[in-house]
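Results of the structural survey
Listed here are the chains, written in short residue letters.
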Amino acid sequence: MAIIRIRTAPDPILRQKARKVKFFDNALKKLIEDMRETMHAAPGVGLAAPQVGVPLRVIVIGVPEEEDIVLVNPQIMRKTGERTVNEGCLSIPGYIGEIKRALSVTVKALDRNGREIRIKGEELLAQALEHEIDHLNGVLYIDHLESPSKLRKVEPEEAGAEAAITLES
Ligand code: NI
């Protein structure tokens, strides 16, 4: 496994639409393991392949007290409710923004072996699912800000502390 450098804005790869995965081979499995290691080292609760320079539809999520979730070619099937959250992104270091996210999100995807899976997430997991799937479409959380005043600069220590309770991916 290896830790990969995380791309930060305005790297153009963060604005590209990622391609669907077609081959469930060893290269994909290595990418997934490297992404998991990179996410935990950051630390963050999620990571999308474009953030490590690979324009493929692969995300990993590691929220506290849950096993890591690996989703290939994920699609949001259903979203319900709405809540206001503070959100950060490893690709936009030093900032936190206040945006709205769904309360509950249902996603259909493939696992690392190409088998279909469905996952339903609430609260932090729902937020992470929406945030990471956005990355696959070239969308960043700052695109959801109602106004620039909803974005604030944070000290690195504060960003680290918030990562545990909000989203830093
Ligand atoms: Ni992010």
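To start, this report covers the structure provided alongside it. Here the structure is a predicted model, which is why all the values come from computation and not from measurement. Counting from 1, residues in each chain are numbered in the order their sequence is written. Totals for whole chains, interfaces and linings use all residues, but because this is a predicted model, local features are given only for residues with pLDDT of at least 70 and pairs of side-chain atoms are given and counted only at 80 or more. The basis for every side-chain value is the complete set of non-hydrogen atoms in the structure, without hydrogens or water.

**Examining helix α2 (residues 123–136)**
- With 14 residues, α2 should cover 20 Å at 1.5 Å per step; its first-to-last C-alpha distance of 20 Å lies within 8% of that length.
- Relative accessibility thresholds used throughout: buried, under 20% of the residue-type maximum; exposed, over 50%; partly exposed, between the two (1.4 Å probe, protein chains only). Counting from the N terminus, the helices are DSSP H or I runs at least four residues long and the strands are E runs at least two residues long. Burial within α2 is extensive, with 13 of its 14 residues counted as buried.
- Looking one or two places after α2, you find Gly 138, whose phi comes out positive at around 75°. A helix is expected to span 1.5 Å for every residue after the first.

**Observations concerning the side chain of Ser 91**
- Structurally, Ser 91 is set in the loop between β4 (83–88) and β5 (95–101).
- Among the polar contacts listed, one links the side chain of Ser 91 to the backbone oxygen of Arg 7, at a separation of 2.7 Å. We define a polar contact as two N or O atoms separated by no more than 3.5 Å, with the added condition that, inside protein, one atom must be a possible hydrogen donor and the other a possible acceptor, whereas residues neighbouring each other in sequence contribute only through side-chain atom pairs.

**As for the nonpolar core**
- Side-chain atoms within 4.5 Å link the members of a nonpolar core, which is a set of buried Ala, Val, Leu, Ile, Met, Phe, Trp, Tyr and Cys residues. Grouped together as the largest cluster of nonpolar side chains are 20 residues, with contacts concentrated most on Ile 59, Ile 61, Leu 71, Val 107 and Leu 129.
- Those elements that provide at least two residues to this core are β2 (58–61), β3 (69–80), β6 (104–110) and α2.
- Broken down by element, the residue count for this core peaks at 7 residues, all from α2.
- By definition, residues are in contact when any of their heavy atoms lie within 4.5 Å. Look past the residues within four positions of Ile 61 in its chain and what remains in contact with it is Met 39, Val 45, Gly 46, Glu 67, Asp 68, Ile 69, Leu 125, Ala 128, Leu 129 and Glu 132.
- The next biggest cluster of nonpolar side chains, apart from the first, holds 14 residues, and it includes Leu 31, Met 35, Val 58 and Val 70.

**Considering the pairing of strand β7 (residues 116–122)**
- Relative to β7, β6 is paired through 7 bridges, and the arrangement is antiparallel. Bridging across to β7, Val 105 finds its partner in Gly 121.
- If you look at the hairpin formed by β6 and β7, you'll find 5 residues sitting between the two strands, and Gly 114 has a positive phi there, around 90°. Each pair of strands is called paired provided DSSP finds at least two bridges between the two strands.

**Observations regarding unusual backbone geometry**
- For the bond running from Ala 9 to Pro 10, omega is 10°, close enough to zero to count as cis.
- Position of Pro 10 relative to the elements: it lies in the segment before α1 (26–41).
- Cis peptide bonds are those with omega within 30 degrees of zero, and the linkage from Ala 42 to Pro 43 qualifies with -10°.
- If you check the backbone angles, Glu 65 has positive phi at about 65° while not being a glycine.
- Looking at the element boundaries, Glu 65 is found in the loop between β2 and β3.
- On the basis of relative accessibility, which here comes to 86%, the residue Glu 65 falls in the exposed class.
- Unusually for a residue other than glycine, Asn 73 sits at a positive phi of about 50°.

**Notes on α1**
- An ideal rise of 1.5 Å per residue puts 22 Å on 16 residues; α1 measures up with 22 Å between its terminal C-alpha atoms.
- Of the positions making up α1, those classed as buried are Leu 28, Leu 31, Ile 32, Asp 34, Met 35, Thr 38 and Met 39.
- Looking at the buried side of α1, the elements it contacts are β1 (46–48), β2 and β3.

**Re the pattern of salt bridges**
- By convention in these notes, a salt bridge is any Lys or Arg side-chain nitrogen within 4 Å of a carboxyl oxygen on Asp or Glu. Taken as a whole and assessed by the stated rule, the structure comprises 12 salt bridges.
- A salt bridge links Arg 7 to Asp 11, with the nearest nitrogen and oxygen atoms 3.1 Å apart.
- The exposure class assigned to Arg 7 is partly exposed, which follows from its relative accessible area of 22%.
- Among the salt bridges present, the one from Asp 34 reaches Lys 30, with a minimum N-O distance of 2.6 Å. Here Lys 30 and Asp 34 lie together in helix α1, a separation of 4 residues that amounts to about one turn.
- Overall, the relative accessible area of 6% leaves Asp 34 in the buried class.
- It is possible to trace a salt-bridge network through shared partners that takes in Glu 33, Arg 36, Asp 68 and Arg 112.

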